[in-house]
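Take a look at the letters that make up each chain.
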Amino acid sequence: MRIAVLGGGHGSYAAAAEMSERGHEVWFWRRDAGAFAAIEAQGGIEVRDHAGTRTLPIAHLTSSLEEALAAAELVVIPLPATAHEDLARACAPHWRDGQVVFLPPGTLGSLIFVEAARAAGNEARVRFAETGTLPYLVRKHGPASIVVSVYATRLPTGVFPARDADEVIALLQQAYPSVEPAGDVLSGALMNAGPIIHPPLIMMNAGPLEHFDAWDIHNEGTQPSIRAVTNALDAERIAVREHLGYAAPHFPLADHYSPDGDEWMYGNAAHEKLTDSGDWREKINLQTHRYMREDTAIGLSLFTSIARWAGKPMPVGEGLLALASAITGEDLYAAGRTLERLGLADCDRATLQERLHDGF
């Protein structure tokens, strides 16, 4: 299959490498063509994971977004949600009928890409899918080198429009066999683990994060009191899902930490593999880091807005968002990715479900 991978972050490099290793024809795009120099010199991306170390050639490296999209049957965008609006406008003129776009995870970014295409006058029949996490726990160790600590083993995925879910899921599974259906794209967005795991970890570790040169929020930063808050926040997410009629499995985050729970998105013992790697011992700037700007300002604002719209409050979520707003000095809900900002807050449940099923 011809696959375009967009972006220059950790997840994009991992996706370009894995899709190439699986035998797909990869078009790897990033804006800065010069950033590919190390990959070209090395003959590919060096990957270190449970299978060892190897260099994986990438078929096509390009800084032309039009070229990358023109060739693609599947477009994988493993970028932070902060990049969605600009990239959606850039992609808007280039979509073609039949393409599938995968946002791992998406935070309802699908709807931003759809709206940008409509605004550009592009009526191509493009389908979107969102899952609950990045398919990799990965860090770049240089301009052409990555270390993958864990690969996702289950990727619950919602589709827009949901009427095309069977076809979209079948195509996605050719690239990511761990993809499994999770209904419409709102269900997929409510699987996003980032807004559940990261806001408590950064807010409740604010002192050591600002004091020490580096701190591992997933190791010494994950203590019983913080886990209790995470569990409470996740219970609110699951309650919203159930209130909206979405069925289990809800992928409770507690299973990520427990060797006895159901298999979570990264499989068993993923938390231990993450902390053992040492790659998440880092300096986190609470003003700029993606855990604040993506998972809190965008992800948690979306979750709390869905809860308000559904009439199923998220008091822990609201409290964490208020703390984050105090830390940044900004009203993160007002500036966030809410149903109000997406133009959906005035829809009743039946109307929204119809739109998510049939498209706009």
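Cut-offs applied
Residues numbered from 1 in each chain as written. Predicted model: local features only at pLDDT ≥ 70, side-chain atom pairs only at ≥ 80, totals over all residues. Heavy atoms only, no water. Helix = DSSP H or I, 4+ residues; strand = E, 2+ residues; numbered from the N terminus. Rg over C-alpha atoms; globule rule 2.2 N^0.38 Å. Buried < 20%, exposed > 50% of the residue type's maximum accessible area, 1.4 Å probe, protein only. Contact = heavy atoms within 4.5 Å. Areas by Shrake-Rupley, 256 points an atom, 1.4 Å probe, with all protein chains shown as cover. Lys, Arg positive; Asp, Glu negative; His and termini not counted. Charge placed at Lys NZ, Arg CZ, Asp CG, Glu CD. Phe/Tyr/Trp six-rings, centres within 6.5 Å; stacked < 30°, edge-to-face > 60°. Lys NZ or Arg CZ within 6 Å of the ring centre and 35° of its normal. Arc of directions from axis to C-beta. Pairing = 2+ DSSP bridges. Axes fitted to C-alpha atoms, helices over the stretch in contact; angles between N-to-C directions. Core = buried A, V, L, I, M, F, W, Y, C linked by side-chain atoms within 4.5 Å.

Attention now moves to the overall build of the protein. Per the secondary structure count, the protein includes 16 helices and 14 strands. For the protein, the C-alpha radius of gyration of 19 Å lies close to 21 Å, the compact-globule estimate for 360 residues. Each principal axis of the C-alpha distribution contributes one length, and for the protein these read about 50 × 50 × 40 Å. Across the 360 residues of the protein, 58% fall into the buried class. Residue pairs at least 24 apart in sequence account for 73% of intrachain contacts in the protein once pairs closer than 6 positions are excluded. Working note: accessible area of the protein is about 13900 Å², and carbon and sulfur atoms make up 50% of it. For the protein, the distance from the average site of its 29 positive side-chain charges to the average site of its 46 negative ones is 1 Å.

Scanning the entire structure with this criterion turns up 11 aromatic pairs. Judged by centre distance (6.1 Å) and plane angle (80°), the rings of Trp95 and Phe128 are edge-to-face. Of this pair, Trp95 sits in the loop between α4 (84-91) and β7 (100-103) while Phe128 sits in strand β8 (residues 127-131); the two residues are 33 residues apart in sequence, bridging distant segments of the chain. One exposure class covers both Trp95 and Phe128, and it is buried. Taken together, Phe102, Tyr136, Tyr151 and Tyr176 form an aromatic cluster joined through their ring pairs. Lying across the ring of Tyr257, Arg227 places its NZ or CZ 3.9 Å from the centre. Looking at Arg308, its charged tip hangs above the ring of Tyr333, at a distance of 3.8 Å from the centre.

It is worth spelling out α4 at this point. Within α4, burial applies to His84, Leu87, Ala88 and Cys91. Seen end-on, α4 carries its buried residues on one side only, within an arc spanning 105°. Against the buried residues of α4 lie β1 (2-6), β2 (25-29), α3 (65-70), β7 and α5 (109-119).

Strand-to-strand pairing in sheets goes through backbone hydrogen bonds, with the strands running parallel or antiparallel. Taken together, the 4 strands give an open sheet; going across it, the order is β4-β3-β10-β9, and neighbouring strands pair in mixed fashion. Every interior strand has two partners, whereas the edge strands, β4 (52-56) and β9 (136-142), have only one. Neighbour-to-neighbour, the strand axes of the sheet open up by a mean angle of 25°, direction not taken into account. In the sheet, strand β3 (residues 45-49) pairs with β4 via 5 bridges, with the strands oriented antiparallel. Paired with Val47 across the bridge in β4 is Arg54. The strands touched by helix α1 (residues 10-21) are β3, β4, β9 and β10 (145-151); relative to β9, the strand with the most contacts, the crossing angle is about 100°.

Strand order in the open sheet formed by 8 strands is β5-β2-β1-β6-β7-β8-β11-β12, and the pairing between neighbours is mixed. Single-partner strands in this sheet number two, and they are β5 (60-62) and β12 (179-184). Strand-to-strand, the axes of this sheet are offset by a mean angle of 25°, without reference to chain direction. One ladder, built from 3 bridges, connects β1 with strand β6 (residues 74-76); its direction is parallel. Bridge pairing in β6 places Val5 opposite Val76. Sheet strands touched by α5: β7, β8 and β11 (155-160). Its angle to β8, the strand with the most contacts, is close to 160°.

For the rest of this paragraph, the subject is unusual backbone geometry. Residue Pro105 is reached from Pro104 by a cis peptide bond, and omega for that bond is -10°. By the secondary structure assignment, Pro105 is in the loop between β7 and α5. Here the amide bond leading from Phe160 into Pro161 is cis, since omega sits at -10°, within 30 degrees of zero. Mapped onto the secondary structure, Pro161 falls in the loop between β11 and α6 (165-175). Look at Phe251: it is not a glycine, yet its phi comes out positive at around 50°. Note that Phe251 resides in the loop between α10 (224-243) and α11 (254-257). Residue classification places Phe251 among the buried positions, given a relative accessible area of 4%.

Among the nonpolar cores identified, the biggest contains 121 residues, and Leu6, Phe28, Ile45, Leu74 and Tyr176 are the most heavily contacted of them. Among the elements that make up this core, the one with the highest residue count is helix α14 (residues 295-310) (8 residues). Beyond its immediate sequence surroundings of up to four residues, Leu6 is in contact with Ser12, Trp29, Leu65, Leu69, Val75, Val76, Ile77, Pro78, Leu79, Leu87 and Cys91.

Relative to the assigned elements, Leu134 resides in the loop between β8 and β9. The spacing of Leu134 and Pro105 is 29 residues in sequence and 5.9 Å in space, taken between C-alpha atoms. Contacts of Leu134, omitting those with residues within four sequence positions, involve Gly11, Pro78, Pro104, Pro105 and Tyr266.

Shape is all these values report; function is a separate question.
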